[in-house]
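Below, each chain spelled out in residue letters.
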Amino acid sequence: MRISPARPLLITILGWLLIAVGALEFAEHAARIGWPPRADEIEIALFELVILACGVFLLRGVNAARWLAVGWIAFHVVVGAIHSVVTGIVHGLIFLLFAALMFRPEVNAWFRRRPAQADPPSQMV
């Protein structure tokens, strides 16, 4: 039986952080939806679920979730810069830190791992 390496603590922390941020942002934006709901209000609220899903799939070891999370934060850099230079800079610093952490050698190794293979069935004699 081959044992998969343990999930790096960094991925555990970032995964749960993304889940928390996604849930809180979703709740905040969902609470702002008026009646009748506007399409942009619903889209923004649903967009926050993307980062929540990224966190869940990071914890499960799905490499695409890592890339989607980095892209999501890069998008926020652009949105933040549209609002103000300071917001853009803050989001840019968060992006640089997040990207640097997501592509550390131990994180890369964990995402490259192969799923553990099941033991072959034993034969009864």
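This is a predicted model, so every value here is computed, not measured.

1. Notes on the overall build of the protein
Inference 1: When helices and strands are counted, the protein shows five helices and zero strands.
Inference 2: Listing each helix as α and each strand as β along the protein from the N terminus yields α-α-α-α-α.
Inference 3: Per-residue burial for the protein yields a buried fraction of 28% across its 125 residues.
Inference 4: Pairs at least 24 apart in sequence give 68% of the contacts found in the protein among residues at least 6 apart.
Inference 5: A total of about 8,400 Å² of accessible surface is found on the protein, and carbon and sulfur atoms cover 71% of it.

2. Notes on the packing of helix α1 (residues 9–31) against helix α4 (residues 85–102)
Inference 1: Where α1 contacts α4, the axes come no closer than 10 Å and their chain directions differ by 135 degrees. What the angle tells us is that α1 and α4 run oblique. When you trace α1 past α4, the crossing you get is left-handed. Of the residues in α4, those touching α1 at Leu10, Ile11, Leu14 and Leu18 are Phe98, Leu101 and Met102.
Inference 2: A per-class count over the contact of α1 with α4 returns seven nonpolar, no polar and no charged.

3. A look at the nonpolar core
Inference 1: Residues Leu18, Phe98 and Met102 are the most contacted members of the largest nonpolar core, which totals 17 residues.
Inference 2: When residues of this core are traced back to their parent elements, those giving at least two are α1, α2 (39–59), α3 (63–83), α4 and α5 (105–112).
Inference 3: In terms of residues, this core owes the most to one element, α3, which gives five residues.
Inference 4: Once you skip the residues sitting within four places of it in the chain, leucine 18 turns out to touch Ile51, Leu52, Cys54, Gly55, Leu58, Ala69 and Phe98.

4. Brief notes about the side chain of histidine 29
Inference 1: Along the chain, histidine 29 turns up in helix α1.
Inference 2: When residues no more than four places from it in sequence are discounted, the contact partners of histidine 29 are Ile44, Ala45 and Glu48.

5. Regarding the pattern of salt bridges
Inference 1: Evaluated as defined, the whole model comprises four salt bridges.
Inference 2: Across the pair glutamate 28 and arginine 32 runs a salt bridge whose closest N-O atoms are separated by 2.4 Å.
Inference 3: The exposure class of arginine 32 is exposed, given its relative accessible area of 53%.
Inference 4: The partner of aspartate 40 in a salt bridge is arginine 38, with the nearest N and O atoms 2.9 Å apart.

6. Quick notes on the side chain of arginine 66
Inference 1: Position of arginine 66 relative to the elements: it lies in helix α3.
Inference 2: As a buried residue without a salt bridge, arginine 66 has its nearest oppositely charged side chain in glutamate 106, at a separation of 9.7 Å.
Inference 3: Reaching out from arginine 66, the side chain makes a polar contact with the side chain of asparagine 108 at a distance of 2.6 Å.
Inference 4: Beyond its immediate sequence surroundings of up to four residues, arginine 66 is in contact with Leu58, Met102, Phe103, Val107, Asn108 and Phe111.

7. Here's the deal with the packing of aromatic side chains
Inference 1: Following the criterion strictly, the structure yields four aromatic pairs and no others.
Inference 2: Look at tryptophan 110 and phenylalanine 111: their rings are 5.1 Å apart centre to centre, the planes differ by 70 degrees, and that puts the pair in the edge-to-face class. As far as burial versus exposure is concerned, tryptophan 110 and phenylalanine 111 are alike and both buried.
Inference 3: The structure contains a cluster of three or more aromatic residues connected by ring pairs, namely Phe47, Trp72 and Phe75.

The rules we used
- Residues numbered from 1 in each chain as written.
- Predicted model: local features only at pLDDT ≥ 70, side-chain atom pairs only at ≥ 80, totals over all residues.
- Heavy atoms only, no water.
- Helix = DSSP H or I, 4+ residues; strand = E, 2+ residues; numbered from the N terminus.
- Buried < 20%, exposed > 50% of the residue type's maximum accessible area, 1.4 Å probe, protein only.
- Contact = heavy atoms within 4.5 Å.
- Areas by Shrake-Rupley, 256 points an atom, 1.4 Å probe, with all protein chains shown as cover.
- Axes fitted to C-alpha atoms, helices over the stretch in contact; angles between N-to-C directions.
- Parallel < 35°, antiparallel > 145°, perpendicular 65-115°, else oblique.
- Left-handed = near helix turned anticlockwise from the far one by under 90°.
- Nonpolar A, V, L, I, M, F, W, Y, C, P; charged D, E, K, R; others polar.
- Core = buried A, V, L, I, M, F, W, Y, C linked by side-chain atoms within 4.5 Å.
- Salt bridge = Lys/Arg side-chain N within 4 Å of Asp/Glu carboxyl O.
- Lys, Arg positive; Asp, Glu negative; His and termini not counted.
- Polar contact = N/O pair within 3.5 Å; in protein donor to acceptor, adjacent residues only side chain to side chain.
- Phe/Tyr/Trp six-rings, centres within 6.5 Å; stacked < 30°, edge-to-face > 60°.

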